[in-house]
Every structure is written in structure tokens, then in C-alpha cells.
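# Chain and residue survey
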Amino acid sequence: MAGKTLYDKLWDDHLVKQRDDGSALIYIDRHLLHEVTSPQAFEGLRLAGRKPWRLDANLATPDHNVPTTDRARGVEGIVDPVSRIQVETLDKNCDEFGILEFKMMDQRQGIVHVIGPEQGATLPGMSIVCGDSHTSTHGAFGCLAHGIGTSEVEHVLATQCLVQQKMKNMLVKVNGKLGAGITGKDVVLAVIGKIGTAGGTGYAIEFGGEAIRDLSMEARMTICNMSIEAGARVGMVAVDQTTIDYVKDRPFAPKGDMRDKAIEYWKTLHSDDEAVFDKVVELEGSEVMPQVSWGTSPEMVAGVGGHVPDPDAEADPIKREGIVRALKYMGLTPKMPITDIKLDRVFIGSCTNGRIEDLREAAAVVKGHKVSPTLKQAMVVPGSGLVKVQAEQEGLDKIFIEAGLEWRDPGCSMCLAMNADKLGQGEHCASTSNRNFEGRQGFGGRTHLVSPAMAAAAAINGHFVDVREMMN
Amino acid sequence: MRALKQHKGIVAPMDRSNVDTDMIIPKQFLKSIKRTGFGPNLFDELRYLDEGRPDQDCSKRPINPDFMLNQDRYKNASVLLARRNFGCGSSREHAPWALEDFGFHVIIAPSFADIFYNNCFKNGLLPIVLNEEIVDRLFRETEAEEGYQLAIDLEAKTVTTPSGESFTFEVDDFRRHCLLNGLDDIGVTLEDAEVIKAYEASRRETAPWLFGAGG
Ligand code: SF4
């Protein structure tokens, strides 16, 4: 018999019913909720007189709208009334339906994709959904993790199942070792640059190869997080000792005998040697350079030593036009060196890069330096309350503050600028988030996606630099 | 949910690839806790010259005359013609809600982002994939002829042009069935409640740590 891929195994283990028409019911072990995509789902349940199928599978927290400064007055203190209503609505819905929620003032509050793994609410082999496309993050644990829409949030609440069609299998293999100073973010941006933002559409991507095996859980999460930017709803990394060590003692993780039993199962969560993938993409780890996005789509990236492209050199007319439009929006000239891009703001945080390791990397770069006076603002927003506490225990907050960066409370913040943190028109921002679409970080704002270390280096210099030069 | 069997309507051309969900409905409008009323803010940043905010009277805002939906000939469009990878970006269902609220019933493109494609069916919108050459042609015909309409038949899985030319498209049977009948997915799934319970019971045996956890 042909071997199974990790995705095949996860699919089979969660298959409740295969329907004749090709669709299937997939059982959902963990459902994460936040305030933006859930209100209409709860409303739908109420209107239909339905109850959640299984309460203990759900975990909620507000993240998109929460302020990252001055929380002294709690939810009532949220200045924007519409943001406040969403947070209040989540609180009300969770209370009414009996769903566990880490409320805004709870130390465990944070971005859903940070708190799931942090709490051990994300465990290897689980099927996980959340009304947020970056749910693919959890695939780093060998999970089947999908981003879903609000109708599906309601569907999962009511039935504990998701209607899905099986996707095709893609392996993205990163061979050999990564160079010094190269992070998970650089790897995933390089992958997206290579396969394009639709390259993974219809596929579940497994990231493998020596370079991935060598990465920490945080870095694997960064990579899986951005699978969706490559068009894939699902991104995964096989379970290994790194995974098991990370989850073992987390609050929601199994204890005692149950843990041993779980570990035995977790160890089977990898693709078989004979497994066949529908598509394989290979990268050499040693060739991955620190990446910077120059355009308005995550595939528009270049190595920091490279240049902004010349649209005239692009043969495909649709792509050429895309480049012209992006350069106009970004206010960049063809062929200019990436290191000539000047910045107005720096944002370090988000579900892509708001974990403790990310903050450590950024702190190591800024330590003993000052933020460039040409910058209007540089801020660090931890991904969760617990990341914040840990960073403070390690003294990272002091390093940032001494260097002139702002140290904030946890949330999505400037990743999508739903709260008060946003870019002004025409401003360039080095951001560790995941999307550089027009207007994503504020109307007319210009986002450059980079790793935390690269963002930190840019903060010190006021323009992009190769962070590896600062490390020497 | 609104059913869709046949539809005929004016075509509006959205001539750019990779239209993302932030472009379809900027995030400041995601703060609503309702499902309706997003239509006036569809493509907000392209449609208006000022920065959109929730609770604005959109009829008083300065419009971008170059944007196609602001041209009289496309104002009553109900079929959106689009380019590659339409709907990429976030999982926000506000994107199909906004398209539906504006009055669209059908979107035709050479390819769609997965989550968006899926979300359309749940909101009475039919996304149709036609190959790039056909889409190209439809763009040319739409632009050449004011009031250009396409007729869509979901039962027969065809798109028909005014000249009577017909193209077939693929759509999976379950989604088609639900959309044809305006069926609510949840109701359909709950018909299998016993199967779900049986799965759960066996899973409790083999993977008990997945149940009852709560920090
Ligand atoms: S940090 Fe950004 S990408 Fe992540 S969940 Fe929040 S808004 Fe979405």
C-alpha cells in the first residue's frame, strides 16, 4: 500500500462521513473564537434556536480590536465605540453560551494564534478551526488547522463539524541549513516569492526538510502562519521531539498516563517515507536571504541585497501591470536598491511574529542602539499577555524602551489597524506581520514585510539594512 | 439562504488580478456585528476618494469617477467579471456579504482564493471559474457593449452570452444542490447527528485527551 502523507493521516483521523458528492464532514477538536468573525455566528445560532454542540472544544479571546495602550479602564475604556461593541458582544455571547473566554483583562488574553499553542489548547494531531485565515499557524504542531468564514463558525458551533473537500498534497522542502541570521519569516517569504500567492491554492502544504526540522516551534508557527499568503488554507510541519517538548507541560495538555498515550500517537504524525505528494517544491536553505517585501502582495519580495523590480523586464502583461500599480502605490522607483527604502514606522508583533523568540531576536539587534531619529514611531506589541510577562522577566522591555521603541499591551494592533494603531497616508512601515495589501495597516499606508530582526535593524537605521551586518 | 437557479444580469468588469478581501471591504467596516448593510462600502477605497469610516452617509462622499461601479452603465450590475485569484486574503465573510448587499449574484473569474470561493456559496453568491481566454473575451465584450448581460444557469452549469454562445462550468454537487435549493448547511449536517455522535464516542476511546480539557 502506498504511504500516507501527514495530511492524509490527519484527514482520515477526523473523517466523520464521506458524502457521495466528494464533500466530507470533518470533526473539529478545537474551535478558537475572536470578536470579529463570531458575532453573526452566535446571532445565527440564537435565531435558529440552536446550542453549541460541545462547549469544551471552544476557546475565545478578543484580539483584533483591543487597545494596546492604557487598559486601565478595561473594556469600557476602549475609545472607539464600534470596537468596544465587538469586544462586549464577544463577552456577552461567551457568557450566554457558556464558552471559556480569556477576556481582555485576563493575563492569558492575546492573539488567538498565539494563545492556543501557549496554553496547550493546540495539541498535535488536532483539527483546529478559527474564523481567521491565519489559523494555519497551528499546523506547526502537526495539526489540521483551517481558517474559516463566519457561516462556518456557526456551523462548527452547531455541529462540531466542518464540510470540507479533501485538498491535494504539496511538500515544500527546505534542504540543508539556513545561513546565520536567517529566520522562519525569511523562509516563508522566500517560498511565497517562489510559488506566488496562488501557488498553494487547493493544496495542503507540508513544510519539511532539514532546515525546517532544525527550526524552533516559534519559527515553524511563523512559516505555517503564512501558508495562507501562499494560497494554502492548511500548512503543516510533522511532529518531532521539538513539538513534543514544546507542548508537554502546557496548561491544557494531557497529564500522566494520558500524556504517555498521547505522545505515542503524536509520534505517528509525519508523512510516511513512501508517501506521494501531488507537488513538491524544493529550496536550498543556504540560498535564503533576509527578505523584504516591496509591493502590495506577499509574493512581491526580494532579498535585502536585491532591488525593486523593473516592470519593463516582466513578460507577463498582467504581472507587469501588477508591478506598475504596486510601485505607484508604494512610491518606489524601479531598480532602486531595497536598502534605499526609508521608513516612517516599525511594527514588531502579530500572530506571525509576536512570540517570545521573535521579541528576543529583535531585542538582540536593538540592544545598545537607538531608534533612528528619522522614524516617527517604532513599537513592539507582544502576541499575548503571557508573552509580555515573560519578555519583562527577561528584561526585553527595558532593552526596547531604552532603544526608543514603544512597549505595548498584547493584540493584533497595527497588523490590520482595526484598533487605534495605524499608518498615515504614504508612510512606509517595516512590519513583522503577514499582509502588505493596499491599506492594510491604514489608509494609504505602505507595508514592508520582514522578520523581527530585520524590522529591528531597520528601526535603528531608518532604512532597510542587512541585519547580518549588524550581527558581526 | 437565497437560492439561485438561473440568473441574468448586467456584467461589471473588475479588471485587476489578485483582488483581495481588504480591497473588497476594508477592515474598518468589519466592526459591524450585523450581516447586512455592507454594500455601500464594497470596494470602498477604489470607489471613493476620501477615507471611508463606518456610519458615514456614502451618498455624500466624493466618488472616484474612474472606478467602474461609479459609471452609470454598471450601476445595476449583478454579475461581476474578475481576474485571477479573486478574493485572496482574509477569511472575512464580510467580503461576500458586501458583494451580495451591493446586488451581485454571480462572480466569474479564472480563479478564486479557496476560502472566499467557499464563503460565496454560503451566502447565495455563485462563483464561476472559466478559463482565462474566455474571461478575456467576456471582458472585451462587456466593455464594447453597454448593457451587456450574461445568463447563468446553475442547473445546466452554463454561462450564455447575448449572442447565444454558451460556456459550461464545473461546480461540486453538494454546493450546487444547496445553492439551487437555498439550503442551510447546518440543517443538512445535523441530519447526520447520530453519525457525529458515533465518531465522537470512538474518538473518546482512542484519543481521550481531546475531550474535557480546560485549563
Ligand atoms: S495578528 Fe494580524 S493576521 Fe494575525 S490574527 Fe491578528 S489581524 Fe489577523
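None of the values given here were measured: they were computed from a predicted structure.

## A closer look at the overall build of chain B
- If you tally the helices and strands in chain B, you get 8 helices and 7 strands.
- The principal-axis extents of the C-alpha atoms in chain B amount to approximately 65 × 45 × 25 Å.
- In chain B, which comprises 215 residues, the share counted as buried stands at 60%.
- Relative to all contacts within chain B whose residues are 6 or more apart in sequence, the contacts with residues 24 or more apart total 64%.
- Of the roughly 8500 Å² of accessible surface on chain B, 47% is carried by carbon and sulfur atoms.
- Distance between charge centres in chain B, computed from 26 positive and 35 negative side chains, equals 3 Å.

## Describing the UniProt feature "domain: Aconitase A/isopropylmalate dehydratase small subunit swivel" (unreviewed entry) in chain B
- What UniProt calls "domain: Aconitase A/isopropylmalate dehydratase small subunit swivel" (unreviewed entry) maps, in this numbering, to residues 1–132 of chain B.
- The annotated region residues 1–132 of chain B carries 20% helix and 16% strand content, and the separation between its end C-alpha atoms amounts to 30 Å.

## A closer look at the pairing of strand β17 (residues 428–431) of chain A
Residues and elements named next belong to chain A.
- Here β17 shows two buried faces, one formed by His-428 and Ala-430 and the other by Cys-429 and Ser-431.
- As paired elements, strand β14 (residues 345–348) and β17 share 3 bridges and run parallel to each other. Bridge pairing links Arg-345 to Cys-429 in β17.
- Relative to strand β18 (residues 446–449), β17 runs parallel, the two being bridged by 4 bridges. In the sheet register, Cys-429 faces β18, and the bridge partner there is Thr-447.

## Some points on the interface of chain B and chain A
- Taken together, the contacts link 63 residues of chain B with 76 residues of chain A.
- Summed over the shared surface of chain B and chain A, the result is 5 salt bridges.
- One salt bridge connects Asp22(B) with Arg440(A), and the closest N-O pair in it is separated by 3.7 Å.
- Applying the counting rule to chain B against chain A returns 18 residue pairs in polar contact (both at pLDDT 80 or more).
- For the side of chain B that touches chain A, the elements supplying multiple residues, two or more each, are α3 (94–102), α4 (114–121), α6 (173–181), α7 (185–190) and α8 (193–206) of chain B.
- The element best represented in the side of chain B that touches chain A is α8(B), accounting for 9 residues.
- Within the side of chain B that touches chain A, the residues separate by chemical class into 19 nonpolar, 17 polar and 27 charged.

## Describing the site of the ligand
- Near the ligand, the surroundings consist of His64(A), Ile111(A), His113(A), Asp132(A), His134(A), Ser350(A), Cys351(A), Cys412(A), Cys415(A), Leu416(A), Asn434(A) and Arg440(A).
- Looking at the shell around the ligand residue by residue, the class counts come to 5 nonpolar, 5 polar and 2 charged.

## What to know about the packing of aromatic side chains
- For the coordinates displayed, the defined rule picks out 14 aromatic pairs over all chains.
- Between Tyr265(A) and Trp209(B), the aromatic rings sit 5.9 Å apart at their centres with planes inclined by 45°, giving tilted as the arrangement. You can see Tyr265(A) sitting in helix α10 (residues 256–266) and its partner Trp209(B) sitting in the segment after α8, one on each of two chains.
- Aromatic rings pair up to connect Phe86(B), Phe112(B), Phe116(B), Tyr117(B) and Phe121(B) into one cluster.
- When the ring centre of Phe139(B) is taken as origin, the NZ or CZ atom of Arg83(B), which lies over that ring, is 3.9 Å away.

## Side note on the nonpolar core
- If you look at the biggest cluster of nonpolar residues, it comprises 100 residues, and the most contacted ones within it are Ile99(A), Phe141(A), Leu157(A), Phe207(A), Ile212(A), Trp266(A) and Trp209(B).
- Per-element accounting of this core gives the leading share, 7 residues, to helix α6 (residues 184–195) of chain A.
- Excluding residues that lie within four positions of it along the chain, Leu157(A) makes contacts with His31(A), Leu33(A), Ala41(A), Phe42(A), Leu45(A), Lys51(A), Pro52(A), Trp53(A), Asn58(A) and Ile99(A).
- Counting residues in hydrophobic clusters, the runner-up holds 59 residues, among them Leu46(B), Leu126(B), Leu150(B) and Val171(B).

## Some points on the sheet that holds strand β7 (residues 166–168) of chain B
Residue and element names in this part refer to chain B.
- Spatial strand order, β4-β3-β2-β1-β5-β6-β7: 7 strands in an open sheet with mixed pairing. Strand pairing shows two members of the sheet lacking a second neighbour, β4 (126–129) and β7, which therefore form its edges. Taken pair by pair, the neighbouring strands of this sheet meet at an average axis angle of 30°, ignoring direction.
- The pairing of strand β6 (residues 158–160) with β7 spans 3 bridges and is classified as antiparallel. Residue pairing for β7: Val-159 is matched across the bridge by Phe-167.

Analysis parameters
- Residues numbered from 1 in each chain as written.
- Chains lettered and ligands numbered in written order.
- Predicted model: local features only at pLDDT ≥ 70, side-chain atom pairs only at ≥ 80, totals over all residues.
- Heavy atoms only, no water.
- Helix = DSSP H or I, 4+ residues; strand = E, 2+ residues; numbered from the N terminus.
- Buried < 20%, exposed > 50% of the residue type's maximum accessible area, 1.4 Å probe, protein only.
- Contact = heavy atoms within 4.5 Å.
- Areas by Shrake-Rupley, 256 points an atom, 1.4 Å probe, with all protein chains shown as cover.
- Lys, Arg positive; Asp, Glu negative; His and termini not counted.
- Charge placed at Lys NZ, Arg CZ, Asp CG, Glu CD.
- UniProt positions renumbered as here; feature names shortened; annotations may be inferred.
- Pairing = 2+ DSSP bridges.
- Salt bridge = Lys/Arg side-chain N within 4 Å of Asp/Glu carboxyl O.
- Polar contact = N/O pair within 3.5 Å; in protein donor to acceptor, adjacent residues only side chain to side chain.
- Nonpolar A, V, L, I, M, F, W, Y, C, P; charged D, E, K, R; others polar.
- Near = heavy atom within 4 Å.
- Phe/Tyr/Trp six-rings, centres within 6.5 Å; stacked < 30°, edge-to-face > 60°.
- Lys NZ or Arg CZ within 6 Å of the ring centre and 35° of its normal.
- Core = buried A, V, L, I, M, F, W, Y, C linked by side-chain atoms within 4.5 Å.
- Axes fitted to C-alpha atoms, helices over the stretch in contact; angles between N-to-C directions.

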